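An overview of the molecular structure
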Amino acid sequence: MNEVIDWLHHDTAGLLLLCLVAIGLLLFLIIKVKLEPFISLLATGLFLALAAGLNVRVIVGTALKASDSVLEKGFGGILGHIAVIIGLGTVLGALLERSGGADVLSQKLLRIFGPKGTPIAMGLVGLIFGIPVFFDIGIFVLAPLVYVAAKRGGKSLVLYALPVLAGLSMTHAFLPPHPGPTAVAGLMHVDMGWLIIIGLACGLPAFAVAGVLWPLYIAPRVPVSVPDEFLVAEPAEGEIKQPPRLSTVLAVIVLPLILILGATFGTLLLDPQRDLLSVLTFIGNPAVALLIAVLLAYWLLGKRRGMTNTEFSELSSDSLKPVGMILLVVGAGAFFGAVISATGVGAALAKSLSSAGLPVLLLAYVISCGLRIAQGSATVAIVTTGGIVGPLVAEAGYSQIQLALIAIAICAGSIILSHVNDGGFWIVAKYFNMTVKQTLQTWTVLETILSLTGFATTALLWAVF
C-alpha cells in the first residue's frame, strides 16, 4: 500500500493519474450531481491536494494563520487581479446599454452599409458593442434591432442574427474585460496589452469567417421568420430620449483599450527612467483605465443626460449582481491550478509533454475544448485549463507574445461546439425563434468555426513568434 501511495505522490505517471481522476471528479460533480461549478472546483481542488499528499498546513494553513495557504493564495492572487477589472467593465457596459449606445451605433452602420450590407453592419454592431458588454446582455439589447433588420430585409432571421452573435461571442471569448480572457491573463501572467493585441489578431479573422461567410451560406438553408410578437411598437414622439453621439459611444468603448495598449508599447519603446512612462503605466493599468472610462461614461452618458447619482448607484448595483458567481468560479479555478502546481502535477505534465513532443499550444486548446464540450461553461473551461497549463509555462521562459497566444488558444477552445449543456445555446434558440435542430445547424457550427479559425490563427502566429 505504501508503495502505491509513494507512486501516486512522486512518480510522473502517478501524478498524472491523480490529475485525470480529479478532472473526472470535477466533470461528474458539474454534469451529474449538478453542483455549482464554484463548489465543484473547490471540492475537487481539496480532493487533489489531499490525494497528492500535501500537508494540511500547506493546503489551508493553521487556525491562527491561513494567509500563506494554497487555498487563500490561490483564491486571493487571481481575484486581486481580475475582480476590479470585471466589475468596472460590467458597470461600463451597463452605462452604454442604458444610454442607447447600441441604437446609435447600429443606425450609423446601417446607413453606411445600406440594405444589402445589413448583415455585415449587424455583425460590426455585435463586434463593437460586445467589447464592454457581456454576451447574454448583448443579446438582450441587440435582439430587437435584429428583428427589425430581418423584417425589413425580408430574409431569414438567421442571416441577421448570426453576425451579431459572432461579434458578441468573439469579443466575449477573446478580449478583456470579459471574465474568461481576464482570468486566463491573471492565471498565466500575461500582460493585458499583449492579450488585447493577440486577441484581436486571432479573433477578427475568426469573426470574418463565422460572422460574415457562414451566415451567407447557412441562412438560405435555414428559413426562420420573425414572429409579430417579437416586434416592439415604436415609442411615442414625446417618449424618445435624445440619443448620445456616436463619437461619444465609440470614445467610451475604445478609451480603455487605447490606454492599456499605450502602457504596453510605452514599456517597449520608452526609457524606463522617463516620467512619461510612469504616467502611461499608471493610466494604462487595466483597473485605472477602466475606472477612467467608467467615470467618463458616467459624465457623458449619464450625468449630462439627466441621470441622477441615485439612478447610477442602482444601475451599478443591478449590473454587478451576476458578477459574484463569476468571481467565485474564477477564484476556485485558480485554487485548483495552485493545487496542481503545489502537488507537482504541473511539473509531471511538463515532463511528459517534453518526452512526447506535444506542443503546449495544442495541449492547451485540446484540454479547453474537452472541458467545454463536457460541461458547457466557457468560463469553467478557461479557468480549469489555465490552472492546468499555467504551471507548465511558468518556468519555461516564454515571451509575453507566446504566453498571450497560449492564453488565446485556451479561450478559443472554450467556445467550441456549444450544445444543449450550454446556457448560451438556449438563449440563442429562444431569442431568435429557432428549434433545437436549427440552433445546432447555425449557432453550434458558428461557435465551432470561431474556435477552429481562432486556434488556427494562433498556430500560424506561434510559428512566426
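Please refer to the structure placed before this passage.
Residues numbered from 1 in each chain as written. Predicted model: local features only at pLDDT ≥ 70, side-chain atom pairs only at ≥ 80, totals over all residues. Heavy atoms only, no water.

Bringing the overall build of the chain into the picture now. Helices and strands together make up the secondary structure of the chain, namely 22 helices and zero strands. For the chain, the C-alpha radius of gyration of 23 Å lies close to 23 Å, the compact-globule estimate for 465 residues. In terms of overall dimensions, the chain has C-alpha extents of about 80 × 55 × 45 Å along its principal axes. Looking at the chain as a whole, 54% of its 465 residues qualify as buried. Considering only contacts within the chain whose residues lie at least 6 apart along the sequence, 79% involve residues at least 24 apart. (Helix = DSSP H or I, 4+ residues; strand = E, 2+ residues; numbered from the N terminus. Rg over C-alpha atoms; globule rule 2.2 N^0.38 Å. Buried < 20%, exposed > 50% of the residue type's maximum accessible area, 1.4 Å probe, protein only. Contact = heavy atoms within 4.5 Å.)

With the rule as written, the count across this model stands at three salt bridges. A salt bridge links Asp318 to Lys321; the shortest N-O distance between them is 3.5 Å. In this structure, Asp422 and Arg372 form a salt bridge, with 3.1 Å as the shortest nitrogen-oxygen distance. With Asp422 in the loop between α20 (400-413) and α21 (423-431) and Arg372 in helix α18 (residues 360-375), this pair connects stretches of sequence that are 50 residues apart. Note on accessibility: Asp422 and Arg372 belong to one class, buried. Salt bridges linked by common partners bring Arg372, Asp422 and Glu447 together as one network. (Salt bridge = Lys/Arg side-chain N within 4 Å of Asp/Glu carboxyl O.)

Attention now goes to helix α12 (residues 246-269). Owing to its 3.6 residues per turn, the α-helix aligns residues three or four sequence positions apart on the same side. Compared with an ideal rise of 1.5 Å per residue, which puts 24 residues at 34 Å, α12 spans 33 Å between its outermost C-alpha atoms and is within 8% of the ideal. The axis of α12 is deflected most strongly, by about 35 degrees, at Val254, and proline Pro256 appears within four residues downstream. Among all positions of α12, only Thr248, Val249, Val252, Ile253, Pro256, Leu257, Leu259, Ile260, Ala263, Thr264 and Gly266 are buried. Summarising the contacts, the buried residues of α12 are in contact with α5 (70-99), α6 (101-113), α7 (118-129), α11 (192-218), α13 (275-283) and α14 (286-302). (Expected span 1.5 Å × (residues − 1). Bend = angle between axes of the 7 residues up to and from the residue.)

This part covers the packing of aromatic side chains. In the structure shown here, the tally under the stated rule is 10 aromatic pairs. Judged by centre distance (5.3 Å) and plane angle (35 degrees), the ring pair of Phe140 and Tyr431 falls under tilted. Of this pair, Phe140 sits in helix α8 (residues 135-153) while Tyr431 sits in helix α21, and the two are 291 residues apart along the sequence. Its relative accessible area of 24% is what places Tyr431 among the partly exposed residues. Sitting over the ring of Tyr217, Arg221 keeps its end group 3.9 Å from the ring centre. (Phe/Tyr/Trp six-rings, centres within 6.5 Å; stacked < 30°, edge-to-face > 60°. Lys NZ or Arg CZ within 6 Å of the ring centre and 35° of its normal.)

Right, let's get into the nonpolar core. Among the nonpolar cores identified, the biggest contains 150 residues, and Leu95, Leu142, Phe174, Met188 and Phe432 are the most heavily contacted of them. For this core, the leading source of residues is helix α9 (residues 157-174), giving 13 residues. The contacts of Phe432, once residues within four sequence positions are left out, are Ile139, Ala143, Val146, Tyr147, Leu157, Ala161, Leu165 and Val224. (Core = buried A, V, L, I, M, F, W, Y, C linked by side-chain atoms within 4.5 Å.)

Here Pro176 and Pro177 are connected by a cis peptide whose omega angle stands at 10 degrees. Relative to the helices and strands, Pro177 is located in the loop between α9 and α10 (179-188). For Lys34, which is not glycine, the phi dihedral falls at a positive 65 degrees. By secondary structure assignment, the location of Lys34 is in the loop between α2 (12-31) and α3 (37-51). Unusually for a residue other than glycine, Leu417 sits at a positive phi of about 50 degrees. Mapped onto the elements, Leu417 comes out in the loop between α20 and α21.

It is worth spelling out the packing of α5 against helix α15 (residues 309-320) at this point. Between α5 and α15, whose axes approach to 9 Å, the crossing angle comes to 120 degrees. Between α5 and α15, the angle falls in the class oblique. When the axes of α5 and α15 are compared, the crossing they make is right-handed. Counting all contacts with α5, which are made through Gly87, Thr90, Val91, Ala94, Leu95 and Arg98, the residues of α15 involved are Phe312, Leu315, Ser316, Ser319 and Leu320. Considering only residue class, the contact of α5 with α15 consists of six nonpolar, four polar and one charged. (Axes fitted to C-alpha atoms, helices over the stretch in contact; angles between N-to-C directions. Parallel < 35°, antiparallel > 145°, perpendicular 65-115°, else oblique. Left-handed = near helix turned anticlockwise from the far one by under 90°. Nonpolar A, V, L, I, M, F, W, Y, C, P; charged D, E, K, R; others polar.)

The subject of this paragraph is the side chain of Ser418. When you line up the elements, Ser418 lands in the loop between α20 and α21. Reaching out from Ser418, the side chain makes a polar contact with the side chain of Asp422 at a distance of 2.6 Å. Of note is the side chain of Ser418, whose polar atom sits 2.8 Å from the side chain of Trp443. Leave out the neighbours within four places in its chain, and Ser418 touches Arg372, Phe425, Trp443, Thr444 and Glu447. (Polar contact = N/O pair within 3.5 Å; in protein donor to acceptor, adjacent residues only side chain to side chain.)

Together, Val4, Trp7, Leu17, Val21 and Phe47 make up a nonpolar patch on the protein surface, roughly 410 Å² of accessible area in all. Breaking the nonpolar patch down by element, the ones donating at least two residues are α1 (2-10) and α2. In this structure, Phe47 sits in helix α3. Residue class for Phe47 comes out partly exposed when judged on its relative accessible area of 32%. (Patch = residues over 30% accessible without salt bridge, like charges linked within 9 Å, V, L, I, M, F, W, Y side chains within 5 Å. Areas by Shrake-Rupley, 256 points an atom, 1.4 Å probe, with all protein chains shown as cover.)

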